[in-house]
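# A structural walkthrough
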Amino acid sequence: MLIYIRRKLLHSIPIIFAVTLLSFLSVNLLPGDVAETIAGIGTDNAVMDETVVQDIREDLGLDRPVVVRYLSWLGYAVRGELGKSYQTGQSVSEAIALRLPVTIQLLLMAQILAILLAIPAGIFSAYRAGKLPDRVITTLAFSFLAAPSFIVAISLAFIFAVLLNWFPATGYVQFSEDLIGNIKSFTLPALALALIEWPILCRVLRNDLISTLQEDFISLAKAKGLRPFHILFRHALRPSSFTLITIVGIQLGNLISGAVIVESIFALPGLGSLLVASIHSREILMVQGIVSLMAVAYVVINLVVDILYGALDPRILR
Amino acid sequence: MEKPFKIAFLGTICILIATNPANAQTKGGILTVGMDRPMTGFDSSMNPRPEYNRRNAMLPIYEDLFTYGKDGKLLPVLGTSVKSSKDQKTWTVTLKKGIKFSNGEAFNASAYVEHFRRYQSSKAWGFLRGMVGPIKEVVAIDNYTVEIRMLRPFPAFAAILSNPVYPMWANAPKHSVTVGKELNRQPVGTGPYMLSSWTPGISLTYVKNPHFRNPKNQHLDKIVFKVIKGELPRLNSVKSGAIDVMLTRDGKTANQAKQDPNLQVITELVGGTTTIEFNTSRAPLNDVRVRKALAHAVNRRADLKASNDGFGMPSTDWFGPNSKWYCDGKTGYPEFNPKKAKGLLMAYGKPVKFKMVTMPIKNFIVGAKLHQTFWKRMGVEVDLKVVPPGPAYFRAVRSGQFDAWLVGISEAVDPGLQGQAFYSKNRGNSTKSNFPQVDIALQKAWRSFKDEAIRKAAYCDYVRAVVKQQPVLFRAHNNFAIIARNNVKGLKKSNLTLSRLHETWVTR
């Protein structure tokens, strides 16, 4: 097992290196001159001095080749120094540390909500496979799967915040400040992500359950006269959850990209909204720091899933 | 006896109802404002961006020297009096005594000396000078008298002293020296509120300035500016009560807010105008008939409707109807008349094709494309290119590659700050204008400063001279809106897109 983990960890190092390099290059491939874009922010009607642009270029080291800049960034990054925001002077690490808990809470709440929606729907769908309830759930699932996250988010904000006034349309309340307020501020964003997430989980569970329900031990349980609820939850669900658990892990990584949009719409001060704002204002060090962190998180999540997979199925360890 | 008794009884009931604490307006509360853009900093020598989010976030901290009363008379704020030398090259301002900055430092002449020392030695000075005029030096005559010496006669300075012109907002002098570059994050002004915390990209929190001279005017306990990107999320936030106020230039958002009975919308028809300027030095736009034809070909109401949901009004000069410098629409601006446009192009007799550049801003892109369509109907071909705002855009304009460009002329406080683009002897003559009548009219407008009425007449003559030559097309004066929930009290109309939100209070 340890050898397996070590092998996976060693595989992760070049992946993380490649991801940071690619993200650095892609940030540098953004259209337009970074220094000029920074100088142009908020000056829609005004002429800025050209010397300001030159200053920005020198301060950001943009006059050096990309590879040199990447190596310099990497040198500092491995020591935990990710640089500073050019415009506000805030350190990238500080900004990330401030916003990371928000994103983590959002992702966890979204994942929990998605599981809470997916499990009952998947079980019911499998139990009534091919019948009307299954078709209704399938149609709903595919509708949400096809809907872009920003449409779902805006619709939720309109219905539950503007019309019904049950939840705030935007904003964030700290956990330590007000627990109820905190949960309320996360409900709509988490639901927006969960509504896109649950269909996949639901479909995976349904298909696995349908196979499980055809097994001999289920027939035996039925013959014993056990109630369907008992059979589904106590006997069928557990052996059918193997793929579900794997998908939950992988999807957590995918949720990060959904969070970028949802955080912006609900003005949640997480990493996603910071990333969007930083791209708009060409805060290259901030973008680089966040993208690298997301990439590392993605690699780590997949590593954990791989390890769990190995633990659950020892054949993989060979 | 029965009737007077009844009247007395009813009167008592009415008085009781009126004085019931539940009905009394309690001044106080926390005001939450939605910002469209993150704050980039308070020190304009480092960070001179003029965009309205930044200026509005600065306003609770700082104060002007003077303001105007309803009768147009100068009212003292931080200054008590102002006088200019005969040639209007030297302006002497006397300051109020006993005022303190929020850190306890005394407010005096050295605050302005230090303030301008920092500005004039910064790289942003070239940019800031465009807003405060040709200041040569600022000298403290005594503790409470400051002399502002200009490079040339500058009558516009009276308006700069009495309007919310942000490069005039001074910080505590000792604090400025002590914190250096950190002043951008740690502002200290004399205003009613002071910055208590700033989480970049998320929020700014202001609390009462304990040294403010008039605590009765500090109604709010706290002000919070939150960053909420996008018009729709911000509007939803005001509607749902997540924030109390938002500011916007977007017509669609303001028009939507007007439909909601729970919201109040206060609009300001902003001076300044969106324009399209021409390079008048080369064909085909060196011919006034072509320029006039282009003006006649455009339905400006349709442009305003498409680019900003009709939120504003077509402009006929740089100043709008709210300004004392407005020429009452009598500038001879060409009306929408496609027939006339075709006639002028026929008279020109050659195909008309040119290159135009615009910025990727909704109002500009839509406007540019609409103009392209109107002109195409006249047989005029326009190649449109989009360049990001900032230095790249103005370099493109100056490069000579383009014949026309869209540009927004900001709300100026005085005609003395206008006209650089059309004066043949000016370095900033981007339109390559060389019209003697325009030069003469502009020189007259700049010089005739003793009598305001004569000055205004001269300014309007200048606008008419420009319109006659048409090196520029006026598009629209756009509106600026404050959208607030009904429980925000004491809201006033904005001035130069600056809203004095810190003077409001919130009832819950």
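The numbers attached to residues start from 1 for each chain and follow its sequence in the written order. Labels are handed out in written order, letters beginning with A for the chains and numbers beginning with 1 for the ligands. The model is predicted, so local features are restricted to residues of pLDDT at least 70 and side-chain atom pairs to those at 80 or more, both for listing and for counting; the totals for chains, interfaces and linings are taken over all residues.

## Thoughts on the overall build of chain B
Selection rule: Segments assigned H or I by DSSP are reported as helices when at least four residues long, segments assigned E as strands when at least two residues long, and all are numbered from the N terminus. In this description the radius of gyration comes from C-alpha coordinates, and the expected globular size is given by 2.2 Å times residues to the power 0.38. Whether a residue is buried, exposed or partly exposed follows from its count of other C-beta atoms within 10 Å of its own C-beta, namely 20 or more, 12 or fewer, or something in between, respectively; the C-beta atoms are built from the backbone. A pair of residues counts as a contact when their C-beta atoms, built from backbone coordinates, are within 7 Å of each other.
Across its full length, chain B holds 15 helices and 21 strands. Relative to the 2.2 N^0.38 estimate, which gives 23 Å for 508 residues, the radius of gyration of chain B is 25 Å and therefore close to what a compact globule would have. C-alpha atoms of chain B, sized along the principal axes, occupy 90 × 60 × 50 Å. Per-residue burial for chain B yields a buried fraction of 51% across its 508 residues. Residue pairs in contact within chain B that sit at least 24 positions apart in sequence constitute 70% of those at least 6 positions apart.

## Some remarks on the overall build of chain A
If you tally the helices and strands in chain A, you get 13 helices and zero strands. With respect to the three principal axes, the spread of C-alpha positions in chain A is 85 × 55 × 35 Å. Once local pairs closer than 6 in sequence are excluded, the contacts in chain A between residues at least 24 apart make up 73%.

## What about the sheet that holds strand 13 (residues 273–278) of chain B?
Within a sheet, adjacent strands bond to each other through the backbone by hydrogen bonds, running parallel or antiparallel. Residues and elements named next belong to chain B. The condition that has to hold: Note: two strands are recorded as paired if DSSP finds a minimum of 2 bridges between them. Simply put, an axis is a line fit to the C-alpha atoms, just over the touching stretch for a helix, and the angle between two N-to-C directions goes from 0 to 180 degrees.
With mixed pairing, five strands are arranged side by side in an open sheet as 16-15-17-13-18. The two strands at the open ends of the sheet, each matched to only one other strand, are strand 16 (381–386) and strand 18 (472–474). In this sheet, adjacent strand axes meet at a mean angle of 30° when their direction is disregarded. The pairing of strand 15 (residues 353–358) with strand 16 spans six bridges and is classified as parallel. For Met-356, the partnering residue across the bridge sits in strand 16 and is Leu-384.

## Things to note about unusual backbone geometry
In this model, Ala283(B) is joined to Pro284(B) through a cis peptide bond whose omega is 5°. Structurally, Pro284(B) is set in the loop between strand 13 and helix 9 (288–296). For Ala267(A), which is not glycine, the phi dihedral falls at a positive 50°. Relative to the assigned elements, Ala267(A) resides in the loop between helix 11 (242–265) and helix 12 (271–280). In this model, Gln470(B) sits at a positive phi of 55°, which is unusual for a non-glycine residue. You can see Gln470(B) is positioned in the loop between helix 15 (452–469) and strand 18. C-beta crowding within 10 Å serves as the criterion here: with 22 such atoms nearby, Gln470(B) is assigned to the buried category.

## Side note on the interface of chain A and chain B
Tallying the contact residues gives 43 residues for chain A and 38 residues for chain B. Elements that contribute at least two residues to the side of chain A that touches chain B include exactly helix 2 (34–40), helix 3 (50–59), helix 5 (92–127), helix 7 (149–163), helix 11 and helix 12 of chain A.

## Considerations on the sheet that holds strand 5 (residues 90–95) of chain B
All names here are of chain B. Spatially, the four strands line up as an open sheet ordered 4-5-7-6, and their pairing is antiparallel. For this open sheet the edge positions go to strand 4 (79–84) and strand 6 (135–142), each flanked by a neighbour on one side alone. Taking each pair of neighbouring strands and ignoring which way they run, the sheet shows an average axis angle of 20°. Judged from the five bridges that link them, strand 4 and strand 5 form a sheet pairing that is antiparallel. The residue of strand 5 that forms the bridge with Ser-81 is Thr-94. Sheet contacts for helix 3 (residues 109–120): strand 5, strand 6 and strand 7 (145–150); angle to strand 6, the most-contacted strand, approximately 155°.

## Remarks on the packing of helix 5 of chain A against helix 11 of chain A
The packing of two helices is summarised by the inter-axis angle and the distance between the axes. Residue and element names in this part refer to chain A. Cut-off, in case you're wondering: Geometric relationships in this document are graded by angle, where less than 35 degrees denotes roughly parallel, more than 145 denotes roughly antiparallel, 65 to 115 denotes roughly perpendicular, and other angles denote oblique. Working rule for handedness: look at the near helix, and if it is turned counterclockwise from the far one by less than a right angle, call the crossing left-handed; if clockwise, right-handed. Gly falls in the polar group here, along with every residue not listed as nonpolar (Ala, Val, Leu, Ile, Met, Phe, Trp, Tyr, Cys, Pro) or charged (Asp, Glu, Lys, Arg).
Closest axis-to-axis distance for the helix 5/helix 11 pair is 10 Å, and the angle between their directions is 120°. As judged from the angle between their axes, helix 5 and helix 11 are oblique. Once helix 5 is placed against helix 11, the crossing between them reads as right-handed. Residues Thr-103, Leu-106, Leu-107, Ala-110, Gln-111 and Ile-115 of helix 5 touch helix 11, and the partners they reach there are Val-248, Leu-252, Leu-255, Ile-256, Ala-259 and Glu-263. In terms of residue class, the contact of helix 5 with helix 11 is made up of nine nonpolar, two polar and one charged.

## Some points on the nonpolar core
This is how it is decided: What we call a nonpolar core is a set of buried Ala, Val, Leu, Ile, Met, Phe, Trp, Tyr and Cys residues whose membership is set by joining through C-beta atoms within 7 Å.
Membership of the largest hydrophobic core comes to 211 residues, with the highest contact counts inside it found for Ala194(A), Leu201(A) and Val245(B). The element best represented in this core is helix 8 (residues 179–212) of chain A, accounting for 16 residues. By size, the runner-up hydrophobic cluster in this structure holds six residues, among which are Ala35(A), Ala39(A), Val52(A) and Val53(A).

## Regarding the pairing of strand 6 of chain B
All names here are of chain B. Two strands pair when backbone bridges link them, and strand 6 and strand 7 are joined in this way by six bridges, in the antiparallel orientation. Its bridge partner lying in strand 7, Asp-142 is registered against Thr-145. Taking the residues that link successive antiparallel strands as the turn, the strand 6-strand 7 hairpin has two residues.

## Digging into helix 13 (residues 391–398) of chain B
Within the span of helix 13 of chain B, buried status applies to Pro391(B), Ala392(B), Tyr393(B), Phe394(B) and Val397(B). The first or second residue beyond helix 13 of chain B is Gly400(B), which carries a positive phi of 85°.

## Quick look at the pairing of strand 13 of chain B
Each regular strand shows side chains that alternate between the opposite faces of the sheet. Residues and elements named next belong to chain B. Here strand 13 lies mainly inside the structure; six of its six residues are buried. One ladder, built from six bridges, connects strand 13 with strand 17 (residues 404–409); its direction is antiparallel. Within the sheet, the bridge partner assigned to Glu-277 lies in strand 17 and is Trp-405. Bridge count for strand 13 against strand 18 is three bridges, and the pairing is antiparallel. Across the sheet, Ile-276 pairs through a bridge with Leu-473, a residue of strand 18.

## Some points on the environment of Met150(B)
Residue and element names in this part refer to chain B. Note on placement: Met-150 falls in strand 7. Considering only alpha carbons, one finds Met-150 and Trp-325, 175 residues apart in sequence, at a separation of 23 Å. If sequence neighbours within four positions are ignored, Met-150 has contacts with Lys-89, Thr-90, Gly-133, Pro-134, Ile-135, Lys-136 and Phe-157.

## A closer look at helix 8 (residues 251–258) of chain B
Residue and element names in this part refer to chain B. Note the threshold: Directions pointing from the helix axis toward each C-beta atom define the arc.
Within helix 8, the full set of buried residues consists of Gly-251, Thr-253, Ala-254 and Ala-257. Down the axis of helix 8, the buried set is contained in an arc of 165°. They therefore lie on one face. Contacts from the buried residues of helix 8 go to helix 7 (231–240), strand 11 (245–248), strand 12 (263–269), helix 10 (300–308) and strand 19 (476–485).

## Remarks on the confidence of the model for chain B
All names here are of chain B. To be explicit about the condition: Along the chain, pLDDT gives the predictor's confidence residue by residue, from 0 to 100.
The pLDDT averaged across chain B works out to 89; a share of 94% of its residues lies at or above 70. For the stretch residues 16–24, pLDDT sits under 50, and the model shows two contacts to residues farther than four places along the chain or on other chains. Across the interfaces of the predicted complex, the ipTM metric reaches 0.74, alongside a pTM of 0.83.

## Some remarks on the environment of Ser219(A)
Position of Ser219(A) among the secondary structure elements: in helix 9 (residues 216–223). Through-space distance from the C-alpha of Ser219(A) to that of Gln174(A) is 51 Å; in sequence the pair is 45 residues apart.

## Some remarks on the packing of helix 9 of chain B against helix 11 (residues 338–348) of chain B
All names here are of chain B. Relative orientation of the contacting elements helix 9 and helix 11 amounts to 160°, with a least axis distance of 8 Å. Relative to helix 11, helix 9 is oriented roughly antiparallel. Every pair of crossing elements has a handedness; the one defined by helix 9 and helix 11 is left-handed. In this structure, helix 9 contributes Arg-289, Val-290, Lys-292, Ala-293 and His-296 to the contact, and helix 11 contributes Lys-340, Ala-341, Leu-344, Leu-345, Ala-347 and Tyr-348. A breakdown of the residues in the contact of helix 9 with helix 11 according to their chemical character gives seven nonpolar, one polar and three charged.

## Observations regarding the environment of Phe150(A)
Residue and element names in this part refer to chain A. With respect to the helices, strands and loops of the structure, Phe-150 is situated in helix 7. Residue classification places Phe-150 among the partly exposed residues on the basis of 14 C-beta atoms within 10 Å. Taking C-alpha positions, Phe-150 is 21 Å from Ser-281, a pair spaced 131 residues apart along the chain. If we skip the residues at most four places from it in the chain, Phe-150 touches Ile-261 and Ile-265.

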